[in-house]
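Listed below, chain by chain, are the residues.
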Amino acid sequence: MRSFFSGSNRATSPKSHAKTIQKSLGLRSLLPESEDATLTVLDLGPARSANLEFFSRYGGQLTVADFYSGLRSARAATTSEDDDRKAKAFAELLPFDKSTRFDLILAWDLLDYLTPQEQHLLMASLEPFCMAGTGILAFVSTQKKMPPAPSTYSIRDADTLVYEKREGRARPCPRYLEGDLLKRMQGLTVENRYQLRNGMLEYVFSYRMSSRAVAKASSEALRYRLDPAPRWSSTPSR
Amino acid sequence: MWGGEMRPTTLQYVVLRIRKWRKWRHRRPQRRPPVSLISGGGRSVSIKGDLYGEEDLCIEGRIEGKITVKKGRVQADIKATNIQVAGEVEGDLTGREQVVLLDTGRMHGNIKAKSVTLQNGAQFKGSIDMESAGGGQKSQASGAVSGKANGASATQRL
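Definitions and cut-offs
Residues numbered from 1 in each chain as written. Chains lettered and ligands numbered in written order. Predicted model: local features only at pLDDT ≥ 70, side-chain atom pairs only at ≥ 80, totals over all residues. Heavy atoms only, no water. Helix = DSSP H or I, 4+ residues; strand = E, 2+ residues; numbered from the N terminus. Buried < 20%, exposed > 50% of the residue type's maximum accessible area, 1.4 Å probe, protein only. Contact = heavy atoms within 4.5 Å. Areas by Shrake-Rupley, 256 points an atom, 1.4 Å probe, with all protein chains shown as cover. Core = buried A, V, L, I, M, F, W, Y, C linked by side-chain atoms within 4.5 Å. Salt bridge = Lys/Arg side-chain N within 4 Å of Asp/Glu carboxyl O. Pairing = 2+ DSSP bridges. Polar contact = N/O pair within 3.5 Å; in protein donor to acceptor, adjacent residues only side chain to side chain. Nonpolar A, V, L, I, M, F, W, Y, C, P; charged D, E, K, R; others polar. pLDDT = per-residue confidence, 0-100. Axes fitted to C-alpha atoms, helices over the stretch in contact; angles between N-to-C directions. Parallel < 35°, antiparallel > 145°, perpendicular 65-115°, else oblique. Left-handed = near helix turned anticlockwise from the far one by under 90°.

*Asks:* Explain the overall build of chain A to me, please; I cannot follow it from the model alone.
*Replies:* Along its length, chain A carries seven helices and eleven strands. Counting across all 238 residues of chain A, residues that qualify as buried make up 53%. Contacts in chain A between residues far apart in sequence, at least 24 positions, make up 72% of those at least 6 positions apart. On chain A, roughly 11,600 Å² of surface is accessible, and the fraction owed to carbon and sulfur atoms is 49%.

Right, here's the structure in full:
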């Protein structure tokens, strides 16, 4: 059985497909009502000019992490048994100042492309930069298949997104359940969820847990083993 | 060695190819480290004029003028009036007026400017301070930028 990460070793990334418009029902609730407010945003997707243009009206800071592009090196570290090394590899993908706190985190459809263990590590890496009320926008697919890599999302307005799917062979979709996501990503609660027409579930998460409770939960999560084996039987190609 | 009727077996052939590859690997040109413009104190170096190069460049100091690096990478914190990136830059950019990342630009660092333009296709990792140099901040989705360079260029107008 091939591993979750097997696939073609092409150095070039999959090409983007045509742009598709998608309604967002949750983004508006994460934005301040007044454009005079400042907003500190973390975009885990690639840099898009439209997103910069959209958030510039609020002032503040936009940080682009392009998390998936740096994930390959972190995945090499996760093959080891050393939990500290895995956590460090993920933390290196988010090299922010310790005093940084984000109001809004845009995860887009990244969660679909992470294993359960990686989701836990991602949240552990994000937790130091979250504060009470930090909002996280994420899309989780409910379809059987999904594109080979995360789509690129651009914000047209508070209710409309434009996404570009990656070309290439579709891979099986893990179809993560809400309960499983919340179990792995300690500290998050679901503010709202919306079923979109394209088969995506739009989640509006909110960070609520205190730092002490998170520290306790994180240590407990490391003690019991997370299930590394995915539920799908066929393997995706990259 | 294999003249006459003697022919290499498959294993011998593979071993020979591996040996040849190892020799080639050691001979092939290695990427040179970036050219460093530093003095004993590092940041006390100040250059007025245009700088042009075709290899990686690491700057610790101050340059007043134009920097054009073709096929290379600039590793520096750049402060200028207008900055246009068409190649690879590692460092912070502070533009008094404008910072533009062209579609061929790749940047890892932070940007502070009154106006930041990011063309689709540009690769960027870092933060963009949207509250710099006092209000009125604008950002443009993609502008028609005339002239592309295969490198990073920074222009400072005095």
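*Asks:* What is the right way to read the overall build of chain B from this model?
*Replies:* Assigned secondary structure in chain B consists of one helix and 15 strands. Per-residue burial for chain B yields a buried fraction of 36% across its 158 residues. The contacts in chain B between residues at least 6 apart in sequence include a share of 25% that link residues at least 24 apart. Total accessible area computed for chain B in this model is approximately 10,200 Å², and 49% of it derives from carbon and sulfur atoms.

*Asks:* Please explain the nonpolar core as it appears in this structure.
*Replies:* Nonpolar side chains in soluble globular proteins tend to end up buried together. Membership of the largest hydrophobic core comes to 50 residues, with the highest contact counts inside it found for L31, F55 and L106 of chain A together with L93, L101, I111 and F124 of chain B. Residues Y68, A74, A107 and L181 of chain A belong to the second largest nonpolar core, which totals 40 residues.

*Asks:* Help me understand the pattern of salt bridges, please; the structure alone is not making it clear to me.
*Replies:* A side chain with one charge can pair with a side chain of the opposite charge if their charged atoms come near. Residue and element names in this part refer to chain A. Summed over the entire model, instances satisfying the criterion amount to five salt bridges over all chains. A salt bridge links D180 to R184; the shortest N-O distance between them is 4.0 Å. With D180 and R184 both in helix α6 (residues 178-184), this residue pair falls four residues apart, about one helical turn. Relative accessible area serves as the criterion here: at 18%, D180 is assigned to the buried category. The exposure class of R184 is buried, given its relative accessible area of 11%. Across the pair E191 and R208 runs a salt bridge whose closest N-O atoms are separated by 2.4 Å. Highlighted residues: E191 in strand β10 (residues 188-195) and R208 in the loop between β11 (200-207) and α7 (211-223), separated in sequence by 17 residues. On the basis of relative accessibility, which here comes to 52%, the residue R208 falls in the exposed class.

*Asks:* When you look at the pairing of β11 of chain A in this model, what are you seeing that I'm missing?
*Replies:* Two faces belong to every sheet, and in a regular strand the side chains alternate between them. All names here are of chain A. Most of β11 sits out of view: eight of its eight residues are buried. Covered by surrounding structure in β11 are M200, E202, V204 and S206 together with L201, Y203, F205 and Y207, the residues of both alternating faces. Where strand β5 (residues 130-141) and β11 come together, seven bridges link them in antiparallel fashion. In the sheet register, L137 faces β11, and the bridge partner there is V204. Inspection of the sheet shows β10 paired to β11 by seven bridges, in the antiparallel sense. Looking at the pairing, N192 lines up with V204 of β11. Linking β10 to β11, which pair antiparallel, is a turn of four residues; within it G199 sits at a positive phi near 90°.

*Asks:* What is the right way to look at the interface of chain B and chain A in this model?
*Replies:* Often, the extent of an interface is quoted as the loss of accessible area on bringing the components together. Taken together, the contacts link 16 residues of chain B with 19 residues of chain A. Linking chain B with chain A are zero salt bridges. On inspection of chain B and its partner chain A, the count reaches five residue pairs in polar contact (both at pLDDT 80 or more). Elements that contribute at least two residues to the side of chain B that touches chain A include exactly β12 (111-118), β13 (123-129) and β14 (138-140) of chain B. Among the elements that take part in the side of chain B that touches chain A, β13 of chain B stands out by supplying six residues, more than any other. Residue composition of the side of chain B that touches chain A, grouped by class: seven nonpolar, six polar and three charged. Pairing between strand β3 (residues 60-64) of chain A and β13 of chain B: four bridges, direction antiparallel.

*Asks:* What is the right way to look at the confidence of the model for chain B in this model?
*Replies:* Note that predicted coordinates carrying low pLDDT should not be read in detail. All names here are of chain B. In the predicted model, chain B carries a mean pLDDT of 70, and 65% of its residues have values of at least 70. Across chain B, element-level confidence peaks in β13 with a mean pLDDT of 92 and bottoms out in strand β15 (residues 151-155) with 40. Note on residues 133-158: pLDDT is under 50 here. Beyond four places in sequence and across chains, it has 79 contacts.

*Asks:* Could you clarify how one ought to interpret unusual backbone geometry in this entry?
*Replies:* Trans is the common state for peptide bonds, and a negative phi is the common state for residues other than glycine. All names here are of chain A. Although it is not a glycine, D66 adopts a positive phi angle of roughly 45°. Mapping D66 onto the fold places it in the loop between β3 and α3 (71-78). Given the relative accessible area of 17%, D66 is considered buried. One non-glycine residue with positive phi stands out, namely R175, at about 50°.

*Asks:* Just to check I follow, could you spell out the packing of helix α4 (residues 83-92) of chain A against helix α5 (residues 116-126) of chain A for this structure?
*Replies:* Angle between the axes and distance between the axes are the two parameters that describe a pair of packed helices. All names here are of chain A. For the pair α4 and α5, the least separation of the axes is 9 Å and the interaxial angle reads 60°. As the angle between them shows, α4 and α5 are arranged oblique. Crossing angle aside, the handedness with which α4 passes α5 is right-handed. Residues K86, A87, F90 and A91 of α4 pack against Q117, E118, L121, L122 and S125 of α5. When its residues are assigned to classes, the contact of α4 with α5 shows five nonpolar, two polar and two charged.

*Asks:* What is the right way to look at α5 of chain A in this model?
*Replies:* Two residues of an α-helix separated by three or four positions point the same way, owing to the 3.6 residues in each turn. With nine of eleven residues buried, α5 of chain A is to be regarded as a mostly interior element. Three or more residues of α5 of chain A are buried, namely P116, E118, Q119, H120, L121, L122, M123, S125 and L126 of chain A.

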